[in-house]
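Listed here are the chains, written in short residue letters.
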Amino acid sequence: MADKIVPALIPEAGDGDSSAVDLSELRERIDGIDRHIQQLIAERARFAGQVGRAKGKLAAAVDYYRPEREAQVLRRVVDRNEGPLSDEVLVRLFREIMSACLAQQEPLKIGFLGPEGTHSQQAVFKHFGHSIHGLPLSSIEEVFQEVESGSADFGIVPVENSTQGTIQSTLDMFLTSSLKICGEVELRIHQHLLSRGGRIEDIERVYSHPQSFAQCKAWLRQYLPKAETIPVASNAEAARRARSADDAAAIAGASAANVYGLKIVAGPIEDRPDNTTRFLVLGRELFPTSGNDRTSLLVFINDQPGALHHVLAPFARHGLSMNRIESRPGHTGRWQYAFFIDVSGHVDEDAMRAAIDELAAFAREVKVLGSYPVAIA
Ligand SMILES: O=C(O)C(=O)C[C@]1(C(=O)O)C=C[C@@H](O)C=C1
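Since this is a predicted model, take the numbers as computed values, not measurements. (Residues numbered from 1 in each chain as written. Predicted model: local features only at pLDDT ≥ 70, side-chain atom pairs only at ≥ 80, totals over all residues. Heavy atoms only, no water.)

1. Thoughts on the domain arrangement of the protein
This is how the line gets drawn: What counts as a domain boundary in this text is fixed by an automatic or database domain assignment.
Segmenting the protein into domains produces domain 1 (23-57), domain 2 (192-266) and domain 3 (288-373). One C-alpha centre belongs to domain 1, the other to domain 3; they are set 44 Å apart.

Below is the structure:
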């Protein structure tokens, strides 16, 4: 039915000499295309509504959400992309369309490390779009609690940064939590120096989260060597404090400047140009395979000779590539360890099942934390 609308009428956008074309004619063409886009979005929303109703009478918005299907839709967008817009931009636009389609049922409630303006909030929007109800919470523990209790449908927590490494407090929450990982988000992190007055020569104090200070160490040493650095719980909290005086500044994302009415003094100021944070999406259930997934496992073992080999060997035997392994004290007794492992594949796949069974024969306990679509653009 959608084919009916796909217009042969849309004129070719010439990418040649646009100066020869009249401005009002170009705008008329854009108006025509906008009409078609709007019709198609409305039609898509009606079909998505029908899909929602076909799922039967479900209890809540969370029951309509299908991350594996969303990942497939977005991968097709990337595969089809021939420019001029980047994969990232197109994925963002389609993400928003799906977010709005799903919110026809009821917006999802998403918990994140607040307050407003944090990178975690940006990760929420990147993964779920803007048609959601965001719940800014005061700690990573609280994000877990709110999802566990059902007050939030999903939560988003940071787990590692390409400059700073693992966020141990997030990993440790999985030792006791029953939550499942049902997605991952990769966010390029740009840090900025923000202040009320906007003049670097006035700055005597800088507030930020310790992770952000660590990401901008060289920059601070070079440009603000004498300023006092004051660690606070979040970058948004830093921005809130920097509002109070002209000699104070915050290191935070650019969006915090708008939220807290500050000026961008300098940025991006992160030391590494590829500074990226990976976030995990927390939910209460596992979802089916999307075709390109990652599985996160938590393996408890007793300390014994060859333990690490026993943990790694089953994955190698079944041809599964391991993306990451990290060991932590297991919190279950002395000299007992927990390995956090990320492997390519989904628990519904035979090779993964076989590898986990072999591992379970050796380990004290194997906990499947989740199988979820690999992050997209
Ligand atoms: O395909 C579905 O199951 C839908 O509900 C439709 C749709 C979409 O807009 O494409 C909306 C929400 C789901 O999370 C996944 C996809």
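Okay, back to it.
2. Let's talk about the UniProt feature "domain: Prephenate dehydratase" (unreviewed entry) in the protein
Threshold: UniProt positions are given in the numbering used here, feature names are shortened, and annotations may be inferred rather than shown by experiment. Counting from the N terminus, the helices are the DSSP runs of H or I reaching at least four residues and the strands are the DSSP runs of E reaching at least two.
Here the UniProt-annotated "domain: Prephenate dehydratase" (unreviewed entry) positions come out as residues 109-284. Secondary structure content for residues 109-284 is 31% helix and 33% strand, and the end C-alpha separation is 13 Å.

3. What to know about the sheet that holds strand 6 (residues 192-195)
Worth spelling out the cut-off: Pairing between two strands is assigned when DSSP locates at least 2 bridges connecting them. Here an angle of 0 to 180 degrees is reported between the N-to-C directions of two axes, which are lines fitted to C-alpha atoms, with helices fitted over the stretch in contact.
A sheet is described by the order of its strands in space; here five strands give the open sequence 8-7-9-6-10, paired in mixed fashion. One side of each edge strand has no neighbouring strand; the edge strands of this open sheet are strand 8 (228-231) and strand 10 (263-266). Pairs of neighbouring strands in the sheet enclose a mean axial angle of 35°, with direction left out of account. Pairing analysis gives four bridges linking strand 6 to strand 9 (residues 248-252), with the strands arranged antiparallel. Pairing of H192 across the sheet is with A252, part of strand 9.

4. Some thoughts on the packing of aromatic side chains
Test applied: Pairs were defined over the aromatic rings of Phe, Tyr and Trp, the Trp ring being its six-membered one, requiring ring centres within 6.5 Å. Orientation was assigned from the angle between planes: stacked under 30 degrees, edge-to-face over 60, tilted for the rest. The buried label goes to any residue with under 20% of its type's maximum accessible area, the exposed label to any with over 50%, and the partly exposed label to all in between, with areas taken from a 1.4 Å probe on protein chains only.
Across all of its chains, the model carries six aromatic pairs by this definition. Between Y65 and F287 the ring centres are 6.3 Å apart and the planes differ by 85°, which places this aromatic pair in the edge-to-face class. With Y65 in the loop between helix 1 (23-54) and helix 2 (67-80) and F287 in the loop between strand 11 (276-283) and strand 12 (293-302), this pair connects stretches of sequence that are 222 residues apart. The class of F287 is buried, set by a relative accessible area of 9%. Following the ring pairs from residue to residue traces out a cluster consisting of Y65, F128, F154 and F287.

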